[in-house]
Amino acid sequence: MTQAPTPTADTVRRLVRSLLDEGTGGTGGPDVRPVREGHAHTWWVGTRHVLRLAPDREASARRRRELRLRDLVRPHVPVAVPTSVAHGDWAPGLAYTLDTLVPGGTADEHDVSAVGEADLAGLLAGLRAVPQRQAETAGVPRTAPRSLEALRRMAVHAAERLAAADEFDASRMYQLTPPGAAQLAAQPGTAVLTHHGLTGEHVVVSADGRVRGVLDWTEAAFGDPAEDIAGLAVAVGSPAAVRAATLAGYGPRPCLRGLWLARCDTVMRLTGHLEGRTGGGGTLLRARLSRVWEPILLERVTEFKDDETEPQGRPPGP
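Each value, and the rule that gives it
Residues numbered from 1 in each chain as written. Predicted model: local features only at pLDDT ≥ 70, side-chain atom pairs only at ≥ 80, totals over all residues. Heavy atoms only, no water. Pairing = 2+ DSSP bridges. Helix = DSSP H or I, 4+ residues; strand = E, 2+ residues; numbered from the N terminus. Axes fitted to C-alpha atoms, helices over the stretch in contact; angles between N-to-C directions. Parallel < 35°, antiparallel > 145°, perpendicular 65-115°, else oblique. Left-handed = near helix turned anticlockwise from the far one by under 90°. Contact = heavy atoms within 4.5 Å. Nonpolar A, V, L, I, M, F, W, Y, C, P; charged D, E, K, R; others polar.

Asker: Any chance you could explain the pairing of strand 9 (residues 211-214) here in plain terms?
Answerer: As a general feature of sheets, a regular strand has side chains that alternate between the two faces. Taken together, the three bridges between strand 8 (residues 203-205) and strand 9 define a ladder with antiparallel strand orientation. When the bridges of strand 9 are listed, Val204 appears paired with Gly213. Connecting strand 8 to the next strand, strand 9, in antiparallel fashion are five residues, including Gly209 with a positive phi near 90 degrees.

Asker: Help me out: how do you make sense of the sheet that holds strand 8 in this one?
Answerer: In any sheet, the strands associate via hydrogen bonds between backbone groups, in a parallel or an antiparallel arrangement. An order of 6-8-9 is seen for the three strands of this open sheet, with the pairing classed as antiparallel. Only two strands of the sheet have a single neighbouring strand rather than two, namely strand 6 (105-106) and strand 9. Note that strand 6 and strand 8 share two bridges and pair antiparallel. Paired with Gly105 across the bridge in strand 8 is Val205.

Asker: Can you walk me through the packing of helix 7 (residues 226-236) against helix 9 (residues 252-274) in this structure?
Answerer: Helix-helix packing: each pair is described by the crossing angle between the helix axes and the interaxial distance. For the pair helix 7 and helix 9, the least separation of the axes is 7 Å and the interaxial angle reads 55 degrees. It follows from the interaxial angle that helix 7 and helix 9 lie oblique. Crossing angle aside, the handedness with which helix 7 passes helix 9 is right-handed. Together, Ala226, Glu227, Ile229, Ala230, Ala233 and Val234 of helix 7 and Pro254, Cys255, Arg257, Gly258, Leu261, Ala262 and Thr266 of helix 9 make up the contact between the two elements. Looking at the contact of helix 7 with helix 9 residue by residue, the classes come out as nine nonpolar, two polar and two charged.

Asker: What's the story with the pairing of strand 2 (residues 42-45) in this structure? I'm lost.
Answerer: Relative to strand 2, strand 1 (residues 32-34) runs antiparallel, the two being bridged by three bridges. Bridge pairing in strand 2 places Val32 opposite Val45. Two strands pair when backbone bridges link them, and strand 2 and strand 3 (residues 49-53) are joined in this way by four bridges, in the antiparallel orientation. Looking across to strand 3, one finds that Trp44 is bridged to Val50. Connecting the antiparallel pair strand 2 and strand 3 is a turn made up of three residues, with Gly46 showing a positive phi of about 60 degrees.

It is worth stressing that arrangement in space is one thing and function is another; only the former is reported here.
What follows is the structure in structure tokens.
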């Protein structure tokens, strides 16, 4: 298997110059710089564009699928979805997309306002409105719901290791009991289109707290809506995520399921970081852990009807 080339600033500048017709005939060109230090496959291009280079063929397939999906999603959601101004291959079989920049910071940098929560509610409602057949035609895969009980067991062990490092009160994980995890199992017939990556870096927030856009749709799947509620809990905190999901029409079960998915995930990610098994900045991982453990009154709801698939009405708010 041929080793994929590593893109350099000169590689990126030549590609962008040919796409934007800037600096032709000279050695100049647009200002290009990596989005993050040491990250060679995503580049800022001037002040208006971002270039994403797929590192392998699997990522290339996701990039090409994303182009179709973004066009499908855009009419359904009230926030910006990046638009591609050019796309193709930057090396044999390796895709690129040159996208317009969605202005704003990230949810890791700015708090979401009450109006921003309404933006998120519109996002969740819009994703639920995307027809399944159209999503499948665009190549979006289906994913099975995760087992909350299996995740709970792993998170309990991770929490105990965090407690030993004086990073976390492990007793908090015992709020989710095996019967509780069973009660919050995903219900049949509730699959929707999910972004499947609504962490803070992918949610664009302006200084006034409005949600302006959502980035990186490469992991989108047709599956458990609680995954996006979980992502929002990580990005904006549990109370805001639950308020947005409730406003979007989701009942207590998917809200609580999403909350506990996020709590288990963040406990395990911080443990993995501290043990040197996974990357990520410790400060950011601790901030995300803190967000998802913000208490909400909805946690007092512990019983559901056996035939409930999508509860109606507004549960107690945070």
